[in-house]
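Residue-level structural notes
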Amino acid sequence: MVSFKGAHFVKDIILTCVRWSVAYPLSYRHVEELRQERGVSVDHATVNRWVLKYSPQLEEAFHRCKHPVWISWRMDETYIKVKGQWRDLYRAVDKSGQTIDFLLTEPRDGQAATHLLTKAIRRHGVPETITIDGSEANAGAIRSDNAEHGTALIIHQVKYLNHIVEQDHRAVKRVTRPMLGFKSFAAAHATLVGIELMHMIKKRQLVIEEGGEGLTTAEQF
């Protein structure tokens, strides 16, 4: 349950600011200006704090109502700048492009890839096949999982089949670009949680109760 206890603004204002920040390529100052145009004065630093505080809570609530994913996965990594350094963002989608999971990590190695795979399997169960590019880190993580847990995950190292996840990276990078990098790893992770959450909602991955099929993406958020 997302708690707004102690907040100095009403829930709708907070959620609107968070949604604008993680859904569109806007800086926090842009969000501040948009709110001022609507008669509400909110400092950009406050918007930033809201994103960091509420994104993880919203994501936790979302995963309790998320559609199942297919058993054919795609794994790949892209890059996000944190404190002036490029860090790896591991991401996984299924064959239809539905987001499975993600992990921002400092080292690019088998341990990070294993962490993402373990996290994804814990949430979604064991897939049948995982398609990757030439990444030995991802391949090693899959082989390690097979050996440790007695699974039989099939590895497909076919680059052109991984275009689905590579294209999906762009939606996330489009939102992070105006942020010009992150000042801390914790801030980068919490913000990406919100961005990935909004991206999943846009892809209709939230289970909607009967009668709510016509809800907009904003209303679902």
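Everything that follows concerns the structure shown earlier in this document.
Residues numbered from 1 in each chain as written. Predicted model: local features only at pLDDT ≥ 70, side-chain atom pairs only at ≥ 80, totals over all residues. Heavy atoms only, no water.

Some thoughts on the overall build of the protein
If you tally the helices and strands in the protein, you get eight helices and five strands. Shown N-terminal to C-terminal, the secondary structure of the protein runs as helices and strands in the order α-α-α-β-β-β-α-β-α-β-α-α-α. Relative to the 2.2 N^0.38 estimate, which gives 17 Å for 221 residues, the radius of gyration of the protein is 18 Å and therefore close to what a compact globule would have. If you line up the protein on its principal axes, its C-alpha atoms span 55 × 45 × 30 Å. Split into buried and exposed, the 221 residues of the protein put 49% on the buried side. Taking as baseline every contact in the protein between residues at least 6 positions apart, the subset at least 24 positions apart corresponds to 63%. (Helix = DSSP H or I, 4+ residues; strand = E, 2+ residues; numbered from the N terminus. Rg over C-alpha atoms; globule rule 2.2 N^0.38 Å. Buried < 20%, exposed > 50% of the residue type's maximum accessible area, 1.4 Å probe, protein only. Contact = heavy atoms within 4.5 Å.)

A few points about the packing of helix 1 (residues 11-23) against helix 3 (residues 44-63)
Here helix 1 crosses helix 3 at 90°, and the two axes come no closer than 9 Å. When the axes of helix 1 and helix 3 are compared, the pair comes out roughly perpendicular. In contact with I13, I14, L15, C17, V18, S21 and V22 of helix 1, helix 3 contributes V47, W50, V51, Y54, S55 and L58. Classifying every residue of the contact of helix 1 with helix 3 by side-chain character gives eleven nonpolar, two polar and no charged. (Axes fitted to C-alpha atoms, helices over the stretch in contact; angles between N-to-C directions. Parallel < 35°, antiparallel > 145°, perpendicular 65-115°, else oblique. Nonpolar A, V, L, I, M, F, W, Y, C, P; charged D, E, K, R; others polar.)

So, the environment of H124
Mapped onto the elements of the fold, H124 is located in helix 4 (residues 110-124). H124 sits 112 residues away from D12 along the chain, and the two C-alpha atoms are 31 Å apart. Those residues in contact with H124 that lie beyond four places of it in its chain are K66, V69, W73 and I100. In terms of polar contacts, H124 uses its side chain to reach the backbone carbonyl oxygen of I100, at 2.9 Å. (Polar contact = N/O pair within 3.5 Å; in protein donor to acceptor, adjacent residues only side chain to side chain.)

Structural notes on the pattern of salt bridges
Oppositely charged side chains can pair when the atoms bearing their charge come close. One pass over the structure, following the stated rule, counts seven salt bridges. Between E196 and R91 there is a salt bridge, and its shortest N-O distance comes to 2.7 Å. Of this pair, E196 sits in helix 7 (residues 185-202) while R91 sits in strand 2 (residues 85-94), placing them 105 residues apart in sequence. Neither residue differs from the other here; E196 and R91 are each classed as buried. Each of E59, D101, K119 and R123 takes part in salt bridges that share partners, so that together they form one network. (Salt bridge = Lys/Arg side-chain N within 4 Å of Asp/Glu carboxyl O.)

Digging into the pairing of strand 2
Summarising burial for strand 2: eight of the ten residues are buried, a large majority. Where strand 1 (residues 72-82) meets strand 2, ten bridges bridge the pair, whose relative direction is antiparallel. Bridging from a neighbouring strand, I80 pairs with R87 of strand 2. Hairpin connection, strand 1 to strand 2: the antiparallel pair is bridged by two residues, and K83 has positive phi, about 50°. Bridging between strand 2 and strand 3 (residues 99-105) involves six bridges; their strand directions are antiparallel. The residue bridging L89 from the neighbouring strand is L104, located in strand 3. Between strand 2 and strand 3, which pair antiparallel in sequence order, lie four residues; one of them, G97, sits at a positive phi of approximately 95°. (Pairing = 2+ DSSP bridges.)

Considering the nonpolar core
Nonpolar side chains tend to gather and get buried jointly when the protein is soluble and globular. Counting residues in each nonpolar core, the largest one holds 40 residues, and the members touching the most others are W50, L58, L192 and F221. For this core, the secondary structure elements donating two or more residues are helix 1, helix 2 (28-37), helix 3, strand 1, strand 3, helix 6 (163-176) and helix 7. Not counting residues within four places of it along the chain, the set of residues in contact with F221 comprises L15, V18, R19, V22, L58, L197, M198 and I201. Core analysis: the second largest hydrophobic core is formed by 20 residues, M75, A112, I130 and I142 among them. (Core = buried A, V, L, I, M, F, W, Y, C linked by side-chain atoms within 4.5 Å.)

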